[in-house]
Amino acid sequence: QPENLQKNWLREFYQVVHAHKPHFMALHCQEFGGKNYEASMSHVDKFVKELLSSDAMKDYNRARVYLDENYKSQEHFTALGSFYFLHESLKNIYQFDFKAKKYKKVTGKEIYSDTLESTPMLEKEKFPQDYFPECKWSRKGFIRTRWCITDCAFDLVNIHLFHDASNLIAWETSPSVYSGIRHKALGYVLDRIIDQRFEKVSYFVFGDFNFRLDAKAVVETLCAKATMQTIRAADTNEVVKLIFRESDNDRKVMLQLEKKLFDYFNQDVFRDNNGTALLEFDRELSVFKDRLYELDISFPPSYPYSEDSSQGRQYMNTRCPAWCDRILMSHSAKELILKVKNDEKIVIYDHIGPNVCMGDHKPVFLSFRIAAGAGKPIANVHKCCVVQ
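From a predicted model like this one, the values you see are computed outputs, not experimental measurements.

**Examining empty space enclosed by the protein**
- Scanning the entire structure with this criterion turns up two cavities of 30 Å³ or more.
- In this structure, the largest cavity encloses a volume near 120 Å³.
- What lines the largest cavity is simply Asp-164, Asn-167, Ala-170, Trp-171, Arg-212, Leu-213, Ala-215, Val-219, Leu-257, Phe-262, Arg-319 and Cys-320.
- Among the elements of the structure, helix 3 (167-172) and helix 5 (215-222) are those that each provide at least two residues to the lining of the largest cavity.
- Across the lining of the largest cavity, the residue classes break down as eight nonpolar, one polar and three charged.
- Here the second largest cavity is characterised by a volume of approximately 30 Å³.
- Of the residues belonging to the lining of the second largest cavity, the class tally is four nonpolar, two polar and no charged.

**Considering the pattern of salt bridges**
- Summed over all chains, the structure comprises 23 salt bridges.
- Among the ionic pairs, Lys-46 bridges to Glu-3, the shortest N-O distance being 3.1 Å. Residue Lys-46 is found in helix 2 (residues 37-53), and its partner Glu-3 is found in helix 1 (residues 2-20); the two are separated by 43 residues along the sequence.
- For Asp-164, the salt bridge identified is with Arg-182, shortest N-O distance 2.8 Å. Note that Asp-164 is positioned in the loop between strand 9 (152-160) and helix 3 and Arg-182 in helix 4 (residues 177-193), a separation of 18 residues in sequence. Arg-182 shares its class with Asp-164; the two are buried.
- One network of salt bridges, with partners in common, ties together Glu-123, Glu-125, Arg-144, Arg-146, Asp-155, Arg-192, Asp-195 and Arg-197.

Conventions adopted
- Residues numbered from 1 in each chain as written.
- Predicted model: local features only at pLDDT ≥ 70, side-chain atom pairs only at ≥ 80, totals over all residues.
- Heavy atoms only, no water.
- 1 Å grid on protein atoms, 1.4 Å probe; cavity = no way out; pocket = protein on both sides within 12 Å on 5 of 7 lines; lining within 4 Å.
- Points joined across faces, edges and corners; volume = space filled by probe spheres on them.
- Helix = DSSP H or I, 4+ residues; strand = E, 2+ residues; numbered from the N terminus.
- Nonpolar A, V, L, I, M, F, W, Y, C, P; charged D, E, K, R; others polar.
- Salt bridge = Lys/Arg side-chain N within 4 Å of Asp/Glu carboxyl O.
- Buried < 20%, exposed > 50% of the residue type's maximum accessible area, 1.4 Å probe, protein only.

Printed below as a string of C-alpha cells:
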C-alpha cells in the first residue's frame, strides 16, 4: 500500500523534523524502490518531490539527493538513497569533491540518480558477490559523502549490510555465520573510509546494519524449560522445522522455527521496557568497540514490523525482532556532540512512528548539536574552506 504508507511515513517524519528543527539533516534510505523496482520507481519519484516541496520542509533552501535508481546494472545497483537538507539559517556549508579533493560551497537543490558512479561528490560501492554467495543478486553496499560545517569536517556513510537468509542456519552457531559476513563487510567499509587517499575526519555510519540478536542464545533463554522437536523433510532428511514445547502445561507450543518463521507465543517480551532484557544478546557491535561508538539504545527492536497498516506495534512472525537500524560513529565523532552541563537533553537517539506502520523497519534518528569549533583538532581548517 505505498500511497497509504507514504502518507503515514512522511507525517511521522515531519513531526520529528518539527520537534527538533535540525539545521543540517541527513536521511539515509535502503532498499529504495522496494523489491519490485520497475513497478516502484514511480513511487520513489513522488516521495522525492514531496520531500523537496512540502510545506514542512520549506525552511530548507538547499538540498542534495543521491538515489541509486539504476536497477538494470547488476554490477553497481545498491538501492540506496541519501538525502541532505540544509536550513536557510546555515551560512557556510561545504561538501567534499572526492575527485578534485576540494570542498565546494553548497547552493541550491540538486538530485542525482541513475549512475552515481560518475558523481565526484560521493563514493559508492556495492559489496563483492563472494561476500554473500547464496544471494544471487545482492544490493548491499554503501554511499559516503563528506561535509564541512563551521570548520568541522565529517563523513556520513549510508550502509546496508547482509541479512539472515535462514533462521535455522542462524540458530546453529553462536555467533551465526551471517554475523561473520556482516562483520567482514562492515570492517571493509571502515577500512575504506579511513584509508590513505583522503585526510582522516570523524565519521557517522548509519542505515540498515541487519544486526541480529544471537539467535542460539535467545532461543535457549526464551525456551529454557522447553523440549525441542525436530521435523525433517521426508526426501532429503534436512531439518525444516523446530518446535519448542513447554515440558508441562499440556505441552503448549512456545516457539516454532523455520527458515523464514520465528513464531514466539509472547511478543510482549520484545516490546516490554523497549525490549531491554534482550539487549544482552545484541552482540555484533562488540567486535568493533575500539572503532565505533553508539549511544545507549532506549527504543524497541526496529525490525521486523508488520506491514499491515492497522498494526503499528505488531511484529511479523518471520524473524526474531532485532535492532537492525542503527546510528554509529567514530570515537572522534563523539567529541563533536555538544555536552551540556545542566542535564538539558540535547542528544536524542530514538525511533520514529512507534505506534504507526512505517513498513517492516522503524526508522531511527539521532539529534544533537555540534559543539562550536569541535572539529578543529581533527580537520585542517584551511583545507576545509577551499571553495571552487
